[in-house]
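# Reading the structure
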Amino acid sequence: MHLNHELPQNIASLAKESEKALIAKLHSVPLFSGLKEKQLKSILAGAKQRAYPEGEVIVAEGEAGVAFYLILDGAVEVKKKGKVLAKLGSGNFFGEMSLLDRNPRSSDVVASKPTTVLALSSWEFQGLLESNNEIAMSLLKTLTHRLRESGQSLSD
Ligand code: CMP
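The structure contained in this document is the topic of the report that follows. Bear in mind that the values here come from a model prediction, so they are computed numbers and not experimental data. (Residues numbered from 1 in each chain as written. Predicted model: local features only at pLDDT ≥ 70, side-chain atom pairs only at ≥ 80, totals over all residues. Heavy atoms only, no water.)

Looking now at the overall build of the protein. Check the secondary structure of the protein and you find 5 helices and 9 strands. In sequence order, the secondary structure elements of the protein are arranged as β-α-α-β-β-β-β-β-β-α-β-β-α-α. Burial analysis of the protein (156 residues in total) assigns 38% to the buried set. Relative to all contacts within the protein whose residues are 6 or more apart in sequence, the contacts with residues 24 or more apart total 73%. Accessible surface for the protein amounts to roughly 9,300 Å². Of this, 55% is attributable to carbon and sulfur atoms. (Helix = DSSP H or I, 4+ residues; strand = E, 2+ residues; numbered from the N terminus. Buried < 20%, exposed > 50% of the residue type's maximum accessible area, 1.4 Å probe, protein only. Contact = heavy atoms within 4.5 Å. Areas by Shrake-Rupley, 256 points an atom, 1.4 Å probe, with all protein chains shown as cover.)

The next point concerns the packing of aromatic side chains. Centre-to-centre distance and the angle between the planes together describe a pair of aromatic rings. Scanning all chains against the criterion turns up 3 aromatic pairs. Residues Phe-68 and Phe-125 carry aromatic rings whose centres are separated by 4.5 Å and whose planes lie at 20° to one another, so their mutual orientation is stacked. Placement of Phe-68 in strand β4 (residues 67–73) and of Phe-125 in helix α4 (residues 122–131) is noted, with a sequence separation of 57 residues between them. Neither residue differs from the other here; Phe-68 and Phe-125 are each classed as buried. The interplanar angle of 15° and the centroid separation of 5.0 Å between the aromatic rings of Tyr-69 and Phe-94 together place this pair among those described as stacked. Taken together, the residues Tyr-69 in strand β4 and Phe-94 in strand β7 (residues 93–94) connect sequence positions 25 residues apart. Note on Phe-94: relative accessible area 3%, which makes it buried. (Phe/Tyr/Trp six-rings, centres within 6.5 Å; stacked < 30°, edge-to-face > 60°.)

In this section: the site of the ligand. Taken together, 14 residues form the shell around the ligand, and within it Gly-95, Glu-96, Ser-98, Arg-105 and Ser-106 come nearest. Contact between the ligand and Met-97: an oxygen atom at 3.4 Å from a main-chain N or O atom of the residue. Within the side chain of Ser-106, a nitrogen or oxygen atom sits 2.7 Å from an oxygen atom of the ligand. When the ligand is considered free in solution it has 460 Å² of accessible area, and contact with the protein chains removes 93% of it. Counting only elements with at least two residues in the shell around the ligand, the list comes to α3 (96–101) and α5 (133–155). Of the residues forming the shell around the ligand, the biggest block, 3 residues, is contributed by α3. (Near = heavy atom within 4 Å. Polar contact = N/O pair within 3.5 Å; in protein donor to acceptor, adjacent residues only side chain to side chain.)

Since the α-helix packs 3.6 residues into each turn, any two residues three or four apart lie on the same face. Buried within α4 we find Phe-125, Leu-128 and Leu-129. End-on, the buried residues of α4 take up no more than an arc of 95°, which puts them together on one face. In α4, the exposed positions angled more than 90 degrees off the buried face are occupied by Trp-123, Glu-130 and Ser-131. On its buried side, α4 packs onto α2 (37–46), β4, α3, β9 (115–121) and α5. (Arc of directions from axis to C-beta.)

Of all the residues in α2, the buried ones are Leu-40, Ile-43 and Leu-44. Axial view of α2: buried residues confined to an arc of 100°, hence all on one face. What points out from α2, more than 90 degrees from its buried face, is the exposed set Lys-38 and Ser-42.

Here we take up the packing of α4 against α5. Two packed helices can be described by the angle between their axes and the distance between those axes. Relative to each other, α4 and α5 sit at 105°, their axes nearing to 5 Å. By the angle between their axes, α4 is roughly perpendicular relative to α5. From α4, Phe-125, Leu-128, Leu-129 and Ser-131 reach across to α5, where they touch Asn-133, Ile-135, Ala-136 and Leu-139. (Axes fitted to C-alpha atoms, helices over the stretch in contact; angles between N-to-C directions. Parallel < 35°, antiparallel > 145°, perpendicular 65-115°, else oblique.)

See below:
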């Protein structure tokens, strides 16, 4: 069992100042850039901010998926059997696959530097996709891009 260094923080309890900064940040994230402030606030109301030290496993291959993660700061590596499949930084997301197909986590996701994420529960994530076509489209575009990249690296 690995030590859990998560520092859960209810976004709802954040001071107004940091809520403002967070909303400005989310506006700059491609996945959320089409949303109005009111919509961003309602996402934040149910979201949790978590901080992980370098080396911490955020998502472990084979586990059941319970949350979707947006990287606010830092960087992660997507790994399978020790091989790095992808590196993701601020503004990128992960953890969507097992929420979409209800299969176990496809790979490990490990913080490669101190990393802060915004975590949404599976039902919040589903609600977000169902009520925002733009987010669903943006997610599909990123997934297609990732699929293309994986195919590319397999044929290299
Ligand atoms: P999930 O399977 O829920 O948990 C592991 C996550 O790693 C997965 O969702 C994706 O978000 C991410 N992931 C898996 N494979 C890749 C890849 N080839 N490129 C980028 N991200 C990936």
